[in-house]
2 protein chains.
Amino acid sequence: MNANPATLLQQTAQLSESVTRPIPGSRKIYVPGSRPDLRVPMREIAQTRTPTVFGGEDNPPVTVYDTSGPYTDPEARIDLAAGLPPLRARWIDERGDTVELPALTSEFGRAREQDPKLDAVRFPNRRLPRRARPGANVTQMHYARRGIITPEMEFVAIRENQRLEIVRDAGLLSQHAGESFGASIPKVITPEFVRDEIARGRAILPCNINHPESEPMIIGRNFLTKINANIGNSAVSSGIAEEVEKLVWAIRWGADTVMDLSTGRHIHETREWIIRNSPVPIGTVPIYQALEKVDGRAEELSWEIFRDTLVEQAEQGVDYFTIHAGVLLRYIPLTARRVTGIVSRGGSIMAKWCLAHHRENFLYTHFEEICEIMKAYDVAFSLGDGLRPGSIADANDAAQFAELETLGELTKIAWKHDVQVMIEGPGHVPMQLIRENVDRQLRECGEAPFYTLGPLTTDIAPGYDHITSAIGAAMIGWFGTAMLCYVTPKEHLGLPNRQDVRDGIMAYKIAAHAADLAKGHPGAQVRDNALSKARFEFRWEDQFHLGLDPEKAREFHDETLPKEAHKLAHFCSMCGPHFCSMKITQDVRDYAAAQGVDERTALELGMAEKSEQFRRQGGRVYQAG
Amino acid sequence: MNANPATLLQQTAQLSESVTRPIPGSRKIYVPGSRPDLRVPMREIAQTRTPTVFGGEDNPPVTVYDTSGPYTDPEARIDLAAGLPPLRARWIDERGDTVELPALTSEFGRAREQDPKLDAVRFPNRRLPRRARPGANVTQMHYARRGIITPEMEFVAIRENQRLEIVRDAGLLSQHAGESFGASIPKVITPEFVRDEIARGRAILPCNINHPESEPMIIGRNFLTKINANIGNSAVSSGIAEEVEKLVWAIRWGADTVMDLSTGRHIHETREWIIRNSPVPIGTVPIYQALEKVDGRAEELSWEIFRDTLVEQAEQGVDYFTIHAGVLLRYIPLTARRVTGIVSRGGSIMAKWCLAHHRENFLYTHFEEICEIMKAYDVAFSLGDGLRPGSIADANDAAQFAELETLGELTKIAWKHDVQVMIEGPGHVPMQLIRENVDRQLRECGEAPFYTLGPLTTDIAPGYDHITSAIGAAMIGWFGTAMLCYVTPKEHLGLPNRQDVRDGIMAYKIAAHAADLAKGHPGAQVRDNALSKARFEFRWEDQFHLGLDPEKAREFHDETLPKEAHKLAHFCSMCGPHFCSMKITQDVRDYAAAQGVDERTALELGMAEKSEQFRRQGGRVYQAG
C-alpha cells in the first residue's frame, strides 16, 4: 500500500553469507509438476565413484527434502525488503473464490498502518490482503472434501516422494520392515492420496491465502515426520533483521515450519517481515499479542480484542494459529497440586482470565466464530495444550487428559466447518508413558495430526534438553506424531542463539528421521545406506555431504586429521594407518568373492532373504575354503 | 618394585583444576557400612528454602550416585605418582585365598620392567601382583554362589540405595509406575539381593584383586543403569598424563566404568598409570595390545601371545576384558555382503586371523583356559560382539545373531567356572529393531548383563552421533540393557577431545536416567521432582545444582540474564518480567487453596489417586467459586 521511501532497516536488512551460502556437495533442483508454474524444490547430493580397491562403481546422487527455499538457490535474487516471489498467487487467484480487500480489516492493523512512527520498521512492499468471497470456504480441506486436487496438493505429493522412483528403478530401495502402529503409509504418494488424507482430517496443508510465498508442505502421520522451530524476540531480546536471519538460518538446517513467538515491541511489523520472506508455513500464538494489547493484564482480555488479533494476523498470512480453547474453567483446579502447575503461557493466560471472571474460556465459547475466520483465509488450527505437563511428575495427569478430550470435541466442530486442525501435545513425559499420549490423541481427536513439544524424558539435564527431548521426540514420532516442535539446549534457561537453534534443529531432524526409519517410510533408509557405504569406502567428502550437517562433520574430522590428503586416505584417525578394520573387511570380501559369492546384488535383496542367502553361501564358502 | 628416582613425568603428572574443583552446590559424603573401613561415597546436593510467596518451606538435600572418587573430596590428597589408596586391600587379604607373587608373571610385563628406556614413563610405586592360591577361585560370583556376602557386595547395596530411606521417610518417593519388561527390581537393595543377583549371573561386580583402588559398583538390569566412557591414545594421539586427566574428567561427569582403548606406544605403562589412579573399574580389549606385539600383522597372532597379554593385564588390575570369542570362522562369510562389513576392530582382527589360517578362532578354542586366568584374578568377561552391525542396513542380520548364539554358549561355560560375564551389543539399529536385540540377548545368554554401544538409530548425522545413539541407548536401557557404552559427537570422524567426552557422557547419563525412570527404578524420580520444584519456584541456583551439569546450566542462563539478581528473580528470560506463567500458576494455587484444597500432601499421593482427588476437589472448587 503506502510506499514510503526506503528506511534504514530496509536498506540494511541483509542476510549474512553464513545463512545463504550453498550447502556443500549439493545443488538445488526443481522437479516439474503438471503445469509450468509448479516446480518442486529439492536438494541433490552428488557422490563420487567408489575407489577401485572397493569395486570402483559409480554412486548415484541422493535427493533429499529441501526446506531452505530460494535462499540456497544461486540463481535466486534475494531482497528482504521485496520479499519472496508469491509462487502460489496465481493458484489462489484462479480458484476465483477470494477477493482482494481495499484495506486491512483489523482495527489494530489499520492503526499500525497509519502510525508514522512505525515507518522506520514497516515492511515496504505490502500487497493488499485477500479474503474468501462472502459465503465461500477457501480451506484445502474444503477443496479436498469436494474432490478437488489443488496445485498445492500436487506440489506436496511430488515433494514427499523425493524422486523415489529413481531409487526404485536403481534397485536401491531395500530397507528394514517398519512398525507403523496403524499408520497407512503408501509406497507412492499420489496427489489423490494427499487429497484424501486432507479430506479425512488425517493431514493438514497449512497455506494461508495471504502467504502465497510459501512452498506447500503437509503434516500428517502418513507423510514424512516434520519439525517446527520457534523464533521470536521477547521483551529482553532481538530485533527485526535478526529475526528474519533466524528464520533463514532455521530453514537452512531443515525446519519445516517456523513459529514466531515474538512478545516484544513491533510484533506486528516483525511478523510482516518474517512472513514476506518465509518459504515455510508460519505459526503464531495470537493470545501473546492480544495480551500485549492489554498491557499484560490477562483479566482485561476480551473476545473482541482477540478477534481483531486473529483477523490482523490472518490478513498478514499466518498459516496456523495455536489456540488454547481447551483450557476450561473446571479443569483449572486440576492443576493446583502439580509440581509445576500450568507451564504453557497461553494456558496460564486463559486460566488467569477464567479465574478473574469466573467464566468459561472465551476461546471455547466463541469457537465457531473462530472457525468462520479460519475458513475465510485458510488458517489451520493448532489446538494448544494449555494444560500440558511441565515436569515428569505431572505427565499424563487428569488436567492434561481432560483438556485432550475437549480438544477432540473442538476438532469435530472445526471439521464441520472444513477447517484444518492439528493437536498440540506434551511436554515432559517419561518413556513408559509416551505411547498412551499418542493412543489417546488418535482416539479422542479422530487421527487429526499430533504436534508435540519433545517430550522431555527427564528433568535433570538443564542445558541438554535438546537431547532429553530428542529421545522422547523420536519415540513419539515413531508412534504417530506428525510434527515435532524442537527444543533447544537453552530450554528452561534462556533464549536460543543461532548455535542453539542449529543444535535444536539437528537433534530434531535426527528424531524425525529415526521415526521415519522405524515406521518403515518408503525410501527413508536410502540416505542412511548411501552414507554408510561412503563411510565404509572412506569416501570422506561424500560422508560429509550426505550428513545432516556437512560443515560440522568436516570440522570434526579436520580436528584430528587436517590434511586434505586424509580425505582420500583409506584409514581414519580412530585406528590409524597401521591397522584398519575396514581394510580387513575388504579382505573378507575378496575372500568370499574368490569363493564365488556374487557381490553385485547385495543391496537389491530384502534383508531376510539376504540373511538366508548369507547363511547358505556363507556355509558353502566355508566348506569350499 | 624398582623405585627409580622420580622422573619428569612423575613430577609433572598433575591434574588441572577443572577436573578436581568441587562440584557446585554439592558436598562429598560417606555412608558407613557394617565395618569401619567400609565407607560408601555419595554426593549430597543442598537446596535452599522455598521463597515465601510459594510457601516458604525447607527443601531437603538430594543424594546422588557419585562416580568421581576421591578427586572431588576436598579432604583427599591427590598424588598421581602414588596412586589412590587401596581401599579394598584388606578385604582381599582377609579372604586368605590369594598370594602375593614375587614378580610379574607375563614375559612381556617382565621385559617392560627391565627396560631402562621406560624408566621415564613407568609408574613408580607399583605393588607386587596377587593371584589366587593354586586351585582357588577368587571371583565375586564364586563367593556369591557359596553364600558369602563380601564387603564389595555390601558396599554396592549401600551405594545403589542412595539413602533412599531418607526420601521414603520424608514421603517424597511418589513416582510413576514403571514398565520393566520382566526385570525384578526390589524396593530396597539388600546385600543379600546383590549376592543373589551375582550368583545367578544376572549382575557382575567387576573388581580385579589387583585393582584394590576401585570403589565397588554393580552392572545388572535390576540395578541403576550404568554408562561406560572410552579413553585411550592411538597412533595419532595423546600421552600418559593426558589419558589420566581424561579418566578423571570422565568420572567427574559420571562414567561408571572406563575402557582404556589405547593402541599407541607405551600401552602397558599408560594402563598402569590409569589403573593406579582409577576409582572405577577399568576395561580393556587385550587383542589390541596383542596385535601391537606382532606389529599389526593379525595373522601372526597366537594363543601364546594372547595368553601372555591376558596375564600381563590381569596382574596390572584390569577389571574386565572384551574378548571376541564368538567370531567363528563359519560366520565370517555372513558379513561379505554387508554394507559396512565388520566394523569391530577386535572382530576384524580375529576374522583376518581365521581366514589367514583357515582355523577356528583361538579365543573360542582356548576359552576354558581363558576362564582359568579370569578366575585367578577375578577379571570379568565382556564377551565382544565382533560381528555387530556398523550401519542401519546391517542391523539384526544373520552374522550378528549367529555370534550372539555363540556368546550364549560361552556364557554358560564361563559360569561353569564361576567367572562373571557381560555381553556386548550393537551398534547401529533402527528403533523398531532394538527390542529384538534385548529379547534375544536375555534368552540366549541367560540374563547375563547386556552392555551395548548406543545403538545409533540413524546413520545420517555424523557429528551428532551422541544424539542418534542416546535415543537408542535410552530405549535399549529401558528394555533391559545394564550398561551403556557412550558415543561421542566425534564418532566416525575423529578422536574425542575433552569437550566431546563431556558431551558424550552427558548424553548417556540422560539416556541411563531416562531408562531408570521408565523401568520405575525406586527413587529414580526424586531428582526430577526436586529439580522441577526448584524450577517452578525460581530457585535458579538449586536448579543448576540439581542438574547433571551445573556449570553448563549456569553458563547458559547467564548468557541471557547475566546479573546475579536474576538468580533470585521470580521470572525468567523466556517470558520476561512483564508476564510469567509460573506467577499465574501461583494465582491458581492461591485460588484453589482459598477454596480449601489442601496443598500439603500433593507429592505424597500416588499419581492416579492424586488425579482422582484432583477431579473431585477440582469439581467442588468450581461449584464453590
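By convention here, each chain's residues receive numbers from 1 onward along its written sequence. Ligands are numbered from 1 and chains lettered from A, in the order in which they are written. The predicted nature of this model means local features are confined to residues of pLDDT at least 70 and side-chain atom pairs, given and counted, to a pLDDT of 80 or more, with totals for whole chains, interfaces and linings taken over all residues. Computation of side-chain values: all heavy atoms of the structure, hydrogens and water removed.

Draft legend 1. Seen up close, the pattern of salt bridges. Residues and elements named next belong to chain A. Any Lys or Arg side-chain nitrogen found within 4 Å of a carboxyl oxygen on Asp or Glu counts as a salt bridge. Applying the stated criterion across every chain, the model contains 100 salt bridges over all chains. Residue glutamate 197 is joined to arginine 202 by a salt bridge in which the shortest nitrogen-to-oxygen separation is 2.6 Å. Think of it in three bands: with a 1.4 Å probe and only protein chains considered, a residue is buried below 20% of the maximum accessible area for its type, exposed above 50%, and partly exposed in between. Note on glutamate 197: relative accessible area 0%, which makes it buried. The exposure class of arginine 202 is buried, given its relative accessible area of 8%. Several salt bridges share partner residues, and in doing so they unite Glu57, Lys533, Glu537, Arg539 and Asp542 into one network.

Draft legend 2. Highlighting the sheet that holds strand E9 (residues 257–260) of chain A. Residue and element names in this part refer to chain A. In this scheme, strands are said to pair when DSSP sees at least two bridges between them. Secondary structure counts use DSSP, requiring at least four H or I residues in a row for a helix and at least two E residues in a row for a strand, with both numbered from the N terminus. Within the closed barrel, the 8 strands sit side by side as E8-E9-E10-E11-E12-E13-E14-E15. Their pairing is parallel. The mean inter-strand angle of the sheet, taken between neighbouring strand axes irrespective of direction, is 25 degrees. For strand E12 (residues 380–383) and strand E13 (residues 421–425), the ladder comprises 3 bridges, and the chain directions are parallel. Each bridged residue has a counterpart across the sheet, and for leucine 383 the counterpart in E13 is isoleucine 423. Contact definition: two residues touch when any of their heavy atoms are within 4.5 Å. Think of each axis as a best-fit line through the C-alpha atoms, taken over the contacting stretch in the case of a helix, with angles from 0 to 180 degrees between the N-to-C directions. Contacting strand E10 (282–284) and strand E11 (320–323), helix H12 (residues 303–316) crosses the sheet at an angle of about 155 degrees to E11. Running over the sheet, helix H15 (residues 367–377) touches E11 and E12 and is turned about 140 degrees from E12.

Draft legend 3. Local environment of the nonpolar core. To qualify as a nonpolar core, a set must consist of buried Ala, Val, Leu, Ile, Met, Phe, Trp, Tyr and Cys residues joined through side-chain atoms within 4.5 Å. In terms of nonpolar packing, the biggest core is built from 314 residues, with Phe381(A), Phe381(B) and Met431(B) touching the most fellow members. For Met431(B), the contacting residues outside a window of four places in its chain are Ala474(A), Met475(A), Trp478(A), Ala514(A), Ala515(A), Ala518(A), Thr457(B), Ile471(B) and Met475(B).

Draft legend 4. Main features of the UniProt feature "domain: ThiC-associated" (unreviewed entry) in chain A. Residues annotated in UniProt with the feature "domain: ThiC-associated" (unreviewed entry) correspond here to residues 22–98 of chain A. Across residues 22–98 of chain A one finds 8% helix and 25% strand; the C-alpha atoms that close the span lie 38 Å apart. UniProt positions are given in the numbering used here, feature names are shortened, and annotations may be inferred rather than shown by experiment.

Draft legend 5. Geometry of helix H19 (residues 498–519) of chain B. Residue and element names in this part refer to chain B. For a helix, the expected span equals 1.5 Å multiplied by the number of residues minus one. Here H19 contains 22 residues, and its C-alpha end-to-end distance of 31 Å stays within 8% of the 32 Å for a straight helix at 1.5 Å per residue. Extensive coverage of H19 is indicated by the burial of 20 of its 22 residues. Capping the start of H19 is the job of one residue whose side-chain oxygen sits 3.0 Å from the backbone nitrogen of glutamine 499: asparagine 497. One or two positions beyond H19, positive phi appears at glycine 520, with a value near 75 degrees. Whenever two N or O atoms come within 3.5 Å, that pair is a polar contact, provided that in protein one can donate a hydrogen and the other can accept it, and provided that, for residues adjacent in sequence, both atoms are side-chain atoms.

Draft legend 6. Main features of the packing of helix H16 (residues 398–416) of chain B against helix H17 (residues 434–444) of chain B. All names here are of chain B. Where H16 meets H17, the axes come as close as 9 Å, and the angle between the chain directions of the two elements is 30 degrees. Judged on the interaxial angle alone, H17 and H16 are roughly parallel. Considering only the axes of H16 and H17, their crossing is right-handed. Taken together, the residues of H17 that come into contact with H16 (itself represented by Gln400, Phe401, Leu404, Glu405, Gly408 and Lys412) are Glu436, Asn437, Arg440, Gln441 and Glu444. Think of it as three bins: nonpolar holds Ala, Val, Leu, Ile, Met, Phe, Trp, Tyr, Cys and Pro, charged holds Asp, Glu, Lys and Arg, and polar takes everything else, Gly as well. Split by residue class, the contact of H16 with H17 holds 2 nonpolar, 4 polar and 5 charged. Oblique is the label for every angle not falling under 35 degrees (roughly parallel), over 145 degrees (roughly antiparallel), or within 65 to 115 degrees (roughly perpendicular). Rotating anticlockwise by less than a right angle from the far helix to the near helix defines a left-handed crossing, while the corresponding clockwise rotation defines a right-handed one.

Draft legend 7. Quick peek at the pairing of strand E1 (residues 26–32) of chain A. All names here are of chain A. Pairing of E1 with strand E2 (residues 39–45), which is carried by 7 bridges, proceeds in the antiparallel orientation. Across the sheet, residue tyrosine 30 finds its bridge partner in E2, namely proline 41. Hairpin remark: E1 followed by E2, antiparallel, with 6 residues in the connecting loop.

Draft legend 8. Up close: the sheet that holds strand E3 (residues 62–65) of chain A. Residue and element names in this part refer to chain A. The strand order across the open sheet formed by 3 strands is E1-E2-E3, and the pairing between neighbours is antiparallel. The sheet terminates laterally at E1 and E3, the two strands that pair on one side only. The sheet shows a mean angle of 45 degrees between the axes of neighbouring strands, direction not considered. Where helix H6 (residues 151–161) meets the sheet, it contacts E1, E2 and E3, and its direction lies at approximately 10 degrees from that of E2.

Draft legend 9. Seen up close, the packing of helix H11 (residues 286–293) of chain B against helix H12 (residues 303–316) of chain B. Residue and element names in this part refer to chain B. Where H11 meets H12, the axes come as close as 9 Å, and the angle between the chain directions of the two elements is 125 degrees. Taken together, H11 and H12 sit at an angle that is classed as oblique. As for the relative orientation of H11 and H12, their crossing is right-handed in sense. Facing H11, whose interface residues are Pro286, Ile287, Gln289, Ala290 and Lys293, H12 presents Ile305, Phe306, Asp308, Thr309, Leu310, Glu312 and Gln313. Classifying every residue of the contact of H11 with H12 gives 6 nonpolar, 3 polar and 3 charged.

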